[in-house]
Amino acid sequence: LPQICSRKTSKSIMKLSTAVFALTFGSAAAFSPAHFGARHSTSLQMSGVLNSQTGQSSLDPAVIDRYNSLEFPQDKILAEYVWVDAVGNTRSKTRTLPSSKASSVDSLPKWNFDGSSTDQAPGDDSEVILYPQRIFVDPFRPRSDGVNNILVMCDCYTPAGEPLESNNRAKAMKAFEGKDDEEIWFGCEQEFTLFNLDERTPLGWPEGGMPSRPQGPYYCSVGPENNFGRAITDAMYKACLYAGIEISGCNGEVMPGQQEYQIGPCVGIDAGDQVTMSRYILQRVCEDFQVYCTLHPKPIVEGDWNGAGMHTNVSTKTMREDGGLEVIKKAIYKLGAKHSEHIAIYGEGNELRLTGKFETASIEDFSFGVANRGASVRIGRDTEAEGKGYFEDRRPSSNCDPYLVTGKIMETIMGPDAPEIAPLDRQQA
């Protein structure tokens with residue numbers, strides 16, 4: 001893993017309109033430094049409101065580029081402090097720091113925010129303290145002077161130094177502490193669904209209706225009639241690479257308008273940090289493209305459409321060594337013995353997704369199988385053939401907390417042995 005890291009609406013109405021222009025942002029324009037040059041004048045009028053039109057910027061790119069082209073002082077950086085709020089969404093705010101502070105997360109100062117505005121503290125004692133935990137390069141404020149602006153993954157504490165109840169990173173750390181020798185790897189498959197700004201119509205769907213074709217042609221698809229949102233996913237992919245996130249792939253998913261990317265392999269707590277920051281970057285990219293993104297596990301409940309999950313692939317050092325398949329099976333038995341505990345923290349609305357249909361197992365029952373996407377946990381064909389490798393927990397929902405999921409898996413598979421479970425025959429799924 002790269003050593004970028006270490007330690008641990010009311011919608012504001014801007015009365016601004018541009019004369020005659022309706023310019024579309026390209027994915028490259030959102031992430032490349034602009035060059036200052038001659039520009040057409042832009043009229044500013046105090047009448048009308050900005051359009052909310054999917055696929056277009058709300059502001060004239062020429063105006064935005066004018067300021068993006070300004071150089072940063074070499075001795076200063078912008079640090080975007082990112083944290084998770086009370087309901088699992090990411091929030092952020094910016095501060096100026098000396099460039100020297102970006103060399104190590106230990107050099108970064110703590111900060112604070114008004115927790116009463118995020119449901120993380122009462123109004124009469126509202127200060128929440130941000131502890132920097134991980135540094136990433138900022139893909140939204142690139143520089144050409146050899147100095148990087150940064151994104152800072154933080155978690156939240158009281159002024160007395162106690163982790164907030166919503167601080168699931170601190171909870172997960174307890175499961176990983178003292179277990180470095182296990183060298184546990186996580187690979188997280190983050191699915192998401194893109195909607196128009198009406199928040200009702202997925203990309204590629206007719207307004208007020210459903211696609212004329214059922215599921216089938218959209219998965220890993222090409223063509224304007226099949227793939228909706230590729231430019232957004234590609235922009236997010238490049239931004240994550242620039243940031244230093246271990247993003248390892250992406251693809252169009254089964255339901256039209258649904259996409260997926262994969263994070264990992266990451267070691268231990270870093271999986272939660274990287275998935276959380278990737279979600280922040282995804283939302284920022286969607287902000288630029290003016291597209292609504294949801295992580296809800298079943299955003300469309302009418303009709304025969306797949307839900308969205310965050311399948312979590314797991315491998316310890318002993319699972320990757322000769323004889324590892326037996327270690328994998330023992331870990332799966334342990335997961336089965338604590339099925340209800342895992343389901344309880346695997347995401348809200350998951351009961352709408354885990355129905356036993358659409359490549360899921362029933363939320364009520366635990367099962368595993370080889371190459372069986374109708375099971376709770378899947379062992380891949382390669383792992384079976386080689387006798388070692390990894391397993392995939394298919395139960396976590398797309399809106400799950402990655403800290404809770406990875407921490408709970410670690411806690412369970414490091415626990416006492418559990419009774420053997422017979423594999424699910426694929427004809428039964």
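For the structure, see preceding data.
Structure report, in brief. (Residues numbered from 1 in each chain as written. Predicted model: local features only at pLDDT ≥ 70, side-chain atom pairs only at ≥ 80, totals over all residues. Heavy atoms only, no water.)

So, the packing of helix α2 (residues 168-176) against helix α8 (residues 402-413)
Moving on, step 1. Running from N to C, α2 and α8 point in directions that differ by 20 degrees, and their axes come no closer than 8 Å. Viewed along their axes, α2 and α8 adopt a mutual orientation that is roughly parallel. Seen along the crossing, α2 lies across α8 with a hand that is left-handed. From α2, Asn168, Arg169, Lys171, Ala172, Ala175 and Phe176 reach across to α8, where they touch Tyr403, Leu404, Thr406, Gly407, Met410 and Glu411. (Axes fitted to C-alpha atoms, helices over the stretch in contact; angles between N-to-C directions. Helix = DSSP H or I, 4+ residues; strand = E, 2+ residues; numbered from the N terminus. Parallel < 35°, antiparallel > 145°, perpendicular 65-115°, else oblique. Left-handed = near helix turned anticlockwise from the far one by under 90°. Contact = heavy atoms within 4.5 Å.)

What to know about α2
Moving on, step 1. With 7 of its 9 residues buried, α2 lies for the most part within the structure.
Moving on, step 2. Those residues of α2 that sit buried are Asn168, Arg169, Ala170, Ala172, Met173, Ala175 and Phe176.
Moving on, step 3. The inward-facing, buried residues of α2 abut β4 (127-137), β5 (150-157), β6 (185-195), α4 (270-289) and α8.
Moving on, step 4. For α2, the capping residue at the N-terminal end is Asn167, with a side-chain oxygen 3.3 Å from the backbone nitrogen of Arg169.
Moving on, step 5. Positioned one or two residues after α2, Gly178 has a phi angle of 80 degrees, which is positive. (Buried < 20%, exposed > 50% of the residue type's maximum accessible area, 1.4 Å probe, protein only. Polar contact = N/O pair within 3.5 Å; in protein donor to acceptor, adjacent residues only side chain to side chain.)

Regarding the packing of aromatic side chains
Moving on, step 1. With the rule as written, the count across this model stands at 8 aromatic pairs.
Moving on, step 2. Note on Tyr131 and Tyr157: the rings are 3.9 Å apart at their centroids and 25 degrees apart in plane angle, and the pair reads as stacked. Highlighted residues: Tyr131 in strand β4 and Tyr157 in strand β5, separated in sequence by 26 residues. Of the two residues examined, Tyr131 and Tyr157, each falls in the buried class.
Moving on, step 3. Considering the side-chain rings of Tyr333 and Phe368, the 6.2 Å spacing of their centres and the 65 degrees angle between planes classify their relative orientation as edge-to-face. Taken together, the residues span a long stretch of sequence, with Tyr333 in helix α5 (residues 324-337) and Phe368 in strand β11 (residues 368-370) at a distance of 35 residues. (Phe/Tyr/Trp six-rings, centres within 6.5 Å; stacked < 30°, edge-to-face > 60°.)

What about the sheet that holds strand β3 (residues 111-114)?
Whether parallel or antiparallel, the strands of a sheet pair through hydrogen bonds between backbone atoms.
Moving on, step 1. With mixed pairing, the 5 strands of this open sheet are ordered in space as β2-β1-β5-β4-β3. Sheet topology places β2 (90-98) and β3 at the edges, where each strand pairs with a single neighbour. With strand direction ignored, the average angle separating the axes of adjacent strands in the sheet is 40 degrees.
Moving on, step 2. Bridge analysis of strand β1 (residues 76-84) against β5 gives 4 bridges, and the strand direction is parallel. Bridged to Ala79 within β5 is Ile150. (Pairing = 2+ DSSP bridges.)

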